[in-house]
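Coordinate inspection notes
Now for the letters of each chain:
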Amino acid sequence: MVIQWHAHPGSPYVFGLVGVDHDLDFPEPMPVIGVSRSARGYCLTLILETMKTYSSEDGLTEEALVTKLRTCRYHHLFLHSSLKVNASGTCRWGEFGSGGLLWGECTARQFEWFEGDPVAELLYKVKELYGLDDEVTFRNVTVPSENRPRSLHLGTATQIGAIPTEGIPCLLKVLLPSNCTGLPALYIRDLLLNPPAYEIASTIQATCKLMSSIKCSIPEFTCVSSAKLVKLLELREANHIEFCRIKNVVDEILHMHRSIDLREVLKLLMDPAWVATGLKIDLETLVNECEWLSDRIDQMIFLDGENDQKISSYANIPGEFFEDAESSWKGRVKKIHIEEEVAEVERAAEALSSVVTEDFLPIVSRIKATSAPLGGPKGEILYAREHEAVWFKGKRFAPVVWAGTSGEEQIKQLKPALDSKGRKVGEEWFTTMKVEGALTRYHDAGAKAKARVLELLRGLSTELQTKINILVFASMLLVIAKALFAHVSEGRRRKWVFPTLTGFSSSKGGESFDETKGMKIIGLTPYWFDASAGCAVHNTVDMQSLFLLTGPNGGGKSSLLRSICAAALLGICGFMVPAESALIPQFDSIMLHMKSYDSPADGKSSFQVEMSEIRSVVGGATSRSLVLVDEICRGTETAKGTCIAGSIIETLDEIGCLGIISTHLHGIFNLPLRTKNMVYKAMGTEYVDGQTKPTWKLVDGICRESLAFETATKEGVAETIIQRAEELYSSVYAKEVSSGRLDTQLLKLGSDGIHLQSNGTQEGSLCHKTKPTNRLEVIQNDVESAVTMICQKKLMELYKQKNRSELPVVNFVAIAAREQPPPSTIGASCLYVMFRPDKKLYIGETDDLDGRVHSHRSKEGMQNASFLYLVVPGKSIARQLETLLVNQLSSQGFPLTNLADGKHQNFGTSSFSLGSMTVA
């Protein structure tokens, strides 16, 4: 017997999920990975059994491949025999440099060797591994990688925190708000590790810019794992909860398409979604298929707000009995599809109630009428949950009768209650033949109804399986939308900017050239500092060639290299950067090398490890690369290390890449270097109270001051050791100190620059008003009309005080349930009205509308609260309008929960600007 499917860590056991009333924690799928060598470099093949897809990425460097292996949880690892033959022509893998890093990574893991065609053989092994038939096909989702920057090296990814590393500021944590986790965070991480092509990066940036200017409310963006959708629909185990979530996904796509503002965002997101899924779907097809999916689910599934399937309720039967019996199938599909089954259950429930009333109620009444006040018998009708039955339970009760008494006939019919195996339940439980017959009828009717519901749900899974590509594409598009909206919100809060991206064109001869090779970043701050808090040092980096950077210990060299690396990477991914303005070319690779440690497992010293990494950096550098090396050749003796460093600098200068080489090897300035474009830069110092202190500013020139003694003293090294070190230094290096003192006088560059601002405005109302369809919409329209008139009147008074002739335009923006404020509200003063589910209103003002909305909705019963908001010029006006609305709306009869706020007076000052009051 062949097992067609089995559970494993990346594909959990889901059998029976269709019938339960809860969700399943479904991890991301774990691929089978194959590694091979080709003429272009290393090749990585990933096969997802869950998704029935595979992809191949060729031309990888060894370091980039190791990064992917380090960040990917995979099910099985296969290594191709082509890896055994390295560049030296030997079969001892990793012995002569090339392949050593990969070998060290793989030897710590379980793997198997394989031969033959890498893709075909790996697909065969996957089918064998999972017990799949030969007829099962896998879809190729490989996206062309031409003109795409190379994936990050492991050292680069760890040193900027793209891969969380202890002691390194995590780049991922500052790109998104703390509450944005899961699939959106994974998308951002994967984009950083595998930067997109210039066209996609430009599209992502254009999308983010548009998101930053949007004034309308935005959907919640339901994030669903594509693998979960595929697996549940394939196995026909999707329950009503999952179908409601699928409907949310397609409805949010439709919502974006129908919105004037969000439609452009939807169009721009199509290409990033294609790259992420490997599915090429046009917008019209996506919208049409989403409409069909939404309608089909709406026709079948019982949705929130519907109330035509209430649990049965009868006076003499405990409610828990019906709740347990019917909640497992009611509220799943619409009643129209199960009318016969529901009717039979209702008839059986009514019959059970009648029998219980006839057989048990007279006995209960008799016991109550005749029992003594102390120690007498007791009897009641109870639900025996373990046995799914309603029985009579009598304490100190004996079923004896005497002629002519009430309940005598019913007592004669009692018999001991039995469990499903025919065993007596206990001395206190009793039933009758008629009650048992009614219970059997009721349970049979419920079982048939549940079976019919499961049949309908599985049938819907079969229907939706034909649209699985649309669902995978739509779900990924919403993940990207949520990730980018969250990034824009956090970027605006941190006062980051969108850089100007410059691409590389192709000449007629096929050789590439750059339109703008240089990189210029004005007001650059370390990404781990919050520039909005004003605590970061700003630097200007105008880079047209290679920099040779010197500076004291603690002077900011490493921080500057990390900051430049992060800003460049964010730029080529289409994200905002921590600067005042920036021009960033589309690098073909970004490589950051910092400190190296020894590797005892590989038998390599720290200098060997450093040279191995430098070999990879220099070998992969082109004129379109950004190369950043911190404290080069620190791990060996000074003279030869200095010469190796000088030769590396000459090589990189000849290649023509942009970058920075930082060093404490001051002997390098005495070498006869053959460089054409290299520029000397330094981290500045200043004299304060007789001491040299770092300024952490990038300046022109050379700095020979290391502040080594000061650093050692600061870290608690004994004073006697420092004094002796100073004596030794003076005795050996006195002449050098004397002759080199002038070199510490550095020319400092000004940091003033041009600030780039994005002034995206949108004209016209974004809301399409339709005829109200329910009581809540009527209330909302009444409130909107009232608050608009009140605010307009007040603002007209303020305009007259300022002698302004134009009239203010006031348009409130609605935030419906399952929607949220756009990023454009961040940092803006807003007046808002909250519509509570209990039909009461709350009036408020805030400079953090998104946080306030989340705070309100986090309270019990407030999850579906909706809002109206108005952006106003300043907190003072917001507070005045808040007080005014509280007083006037309450006087007009609107129910308010915060009447006390109407007593506030004289908020703020009158020195405000009304120039930006027109809101659309």
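Attention here is on the structure that accompanies the text. (Residues numbered from 1 in each chain as written. Predicted model: local features only at pLDDT ≥ 70, side-chain atom pairs only at ≥ 80, totals over all residues. Heavy atoms only, no water.)

Quick notes on the overall build of the protein chain
Within the protein chain, the secondary structure is distributed over 24 helices and 28 strands. For the protein chain, the residues scored as buried account for 49% of the 920 residues in total. Long-range contacts, defined here as pairs at least 24 residues apart, represent 73% of the contacts in the protein chain between residues at least 6 apart. A total accessible area of about 43300 Å² is found for the protein chain, and carbon and sulfur atoms account for 51% of it. (Helix = DSSP H or I, 4+ residues; strand = E, 2+ residues; numbered from the N terminus. Buried < 20%, exposed > 50% of the residue type's maximum accessible area, 1.4 Å probe, protein only. Contact = heavy atoms within 4.5 Å. Areas by Shrake-Rupley, 256 points an atom, 1.4 Å probe, with all protein chains shown as cover.)

Some details on the environment of Leu210
With respect to the helices and strands, Leu210 occurs in helix H7 (residues 198-213). Here the alpha-carbon distance between Leu210 and Leu268, two residues 58 residues apart in the chain, equals 9.6 Å. Those residues in contact with Leu210 that sit more than four places away from it in its chain are Glu264, Val265 and Leu268.

Things to note about the packing of aromatic side chains
Applying the stated criterion across every chain, the model contains 16 aromatic pairs. When the ring of Phe221 is compared with that of Phe485, the centres are 5.4 Å apart and the planes differ by 25°; the resulting orientation is stacked. Linking Phe221 in the loop between strand S7 (218-219) and helix H8 (226-234) with Phe485 in helix H16 (residues 468-493), this pair joins segments that are 264 residues apart in sequence. Phe221 gets classed as buried once you look at its relative accessible area, which sits at 1%. Ring centres 5.9 Å apart and planes at 65° place the aromatic pair Trp528 and Phe529 in the edge-to-face group. On the accessibility criterion, Phe529 (34% relative accessible area) is partly exposed. Grouped by ring-pair contacts, the aromatic residues Tyr314, Phe321, Phe322, Tyr383 and Tyr442 constitute a single cluster. (Phe/Tyr/Trp six-rings, centres within 6.5 Å; stacked < 30°, edge-to-face > 60°.)

Details of the sheet that holds strand S15 (residues 519-524)
If you trace the 4 strands from one edge of the open sheet to the other, you get S12-S18-S15-S16, paired in mixed fashion. A single partner strand is all that each edge strand has here, and the edge strands are strand S12 (500-502) and strand S16 (539-543). Neighbour-to-neighbour, the strand axes of this sheet turn through a mean angle of 15°, independent of strand direction. Note that S12 and strand S18 (residues 581-585) share 3 bridges and pair parallel. Following the sheet pairing, Leu501 is matched in S18 by Ile584. Its contacts with the sheet place helix H17 (residues 557-573) against S12, S15, S16 and S18, and it is angled at close to 115° to S15. (Pairing = 2+ DSSP bridges. Axes fitted to C-alpha atoms, helices over the stretch in contact; angles between N-to-C directions.)

Structural notes on the sheet that holds strand S6 (residues 139-140)
The 6 strands are arranged S5-S4-S1-S2-S3-S6 in an open sheet whose pairing can be described as mixed. Single-partner strands in this sheet number two, and they are strand S5 (112-114) and S6. In this sheet, strand S2 (residues 41-48) lies alongside strand S1 (residues 32-38) in antiparallel orientation, the contact comprising 7 bridges. Residue pairing for S2: Val35 is matched across the bridge by Leu44.

Some words on the side chain of Ser563
For Ser563, the location among the structural elements is in helix H17. Accessibility expressed as a relative area gives 3% for Ser563, which makes it buried. The contact partners of Ser563, leaving out residues within four places of it in the chain, are Leu524, Thr525, Pro526, Tyr527 and Trp528.

Observations regarding the pairing of strand S21 (residues 658-662)
Of all 5 residues in S21, 5 are buried, a share of seventy percent or more. Of the two faces of S21, the one lined by Leu658, Ile660 and Ser662 and the one lined by Gly659 and Ile661 are each fully buried. Here 4 bridges tie strand S20 (residues 625-629) to S21, and the two strands are oriented parallel to one another. Looking at the pairing, Val629 lines up with Ile661 of S21.

Structural notes on the packing of helix H11 (residues 283-300) against H16
Put simply, H11 and H16 touch, their axes get as near as 10 Å, and they point 105° apart. In terms of axis orientation, H11 runs roughly perpendicular to H16. Only Ile470, Leu471, Phe473, Ala474 and Leu477 of H16 make contact with H11, whose side of the interface consists of Thr285, Leu286, Glu289, Cys290 and Leu293. Broken down by class, the residue content of the contact of H11 with H16 amounts to 8 nonpolar, 1 polar and 1 charged. (Parallel < 35°, antiparallel > 145°, perpendicular 65-115°, else oblique. Nonpolar A, V, L, I, M, F, W, Y, C, P; charged D, E, K, R; others polar.)

Details of the pattern of salt bridges
For the structure shown, the criterion picks out 34 salt bridges. Salt-bridge contacts for Lys875 lead to Glu845; the nearest nitrogen and oxygen are separated by 3.2 Å. One end of the pair, Lys875, is in helix H24 (residues 875-891); the other, Glu845, is in strand S27 (residues 841-846), with 30 residues separating them in the sequence. By relative accessible area, which is 30% here, Lys875 ends up partly exposed. Taking the relative accessible area as the measure of exposure, Glu845 reaches 9% and is therefore buried. Sharing partners across several salt bridges, the network here consists of Glu49, Lys52, Lys231 and Glu234. (Salt bridge = Lys/Arg side-chain N within 4 Å of Asp/Glu carboxyl O.)

Points about the packing of helix H10 (residues 260-277) against H16
Viewed as axis vectors pointing N to C, H10 and H16 meet at an angle of 115°, and their least axial separation amounts to 9 Å. Taken together, the axes of H10 and H16 lie roughly perpendicular to each other. Of the two possible hands of crossing, H10 and H16 adopt the one that is right-handed. Facing H10, whose interface residues are Leu262, Leu266, Leu269, Met270, Pro272, Ala273, Trp274, Ala276 and Thr277, H16 presents Val472, Phe473, Met476, Leu477, Ile480, Ala481, Leu484 and Phe485. Classifying every residue of the contact of H10 with H16 gives 16 nonpolar, 1 polar and no charged. (Left-handed = near helix turned anticlockwise from the far one by under 90°.)

Thoughts on the environment of Asn288
Of note, Asn288 is situated in helix H11. Since its relative accessible area comes to 41%, Asn288 is described here as partly exposed. Taking the C-alpha atoms as reference, Asn288 lies 9.2 Å from Leu254; in sequence the two are 34 residues apart.

Considering H10
Between its first and last C-alpha atoms H10 spans 26 Å; for 18 residues at 1.5 Å apiece the expected length is 26 Å, and the two agree. Residue Met270 marks the point of greatest curvature in H10, where the axis turns by about 30°; the proline Pro272 follows within four residues. Within the span of H10, buried status applies to Asp261, Leu262, Val265, Leu266, Leu269, Met270, Pro272, Ala273 and Thr277. Positive backbone phi, approximately 75°, marks Gly278, located one or two places after H10. (Expected span 1.5 Å × (residues − 1). Bend = angle between axes of the 7 residues up to and from the residue.)

Observations regarding the environment of Thr431
Among the secondary structure elements, Thr431 is positioned in strand S11 (residues 429-431). Between the C-alpha atoms of Thr431 and Pro416, which are 15 residues apart in sequence, the distance is 6.2 Å. Setting aside chain neighbours within four positions, we find Thr431 in contact with Phe360, Trp391, Gln413, Leu414, Lys415, Pro416, Ala417 and Glu436. One polar contact links Thr431 to Glu436, side chain to side chain, over a distance of 2.8 Å. (Polar contact = N/O pair within 3.5 Å; in protein donor to acceptor, adjacent residues only side chain to side chain.)

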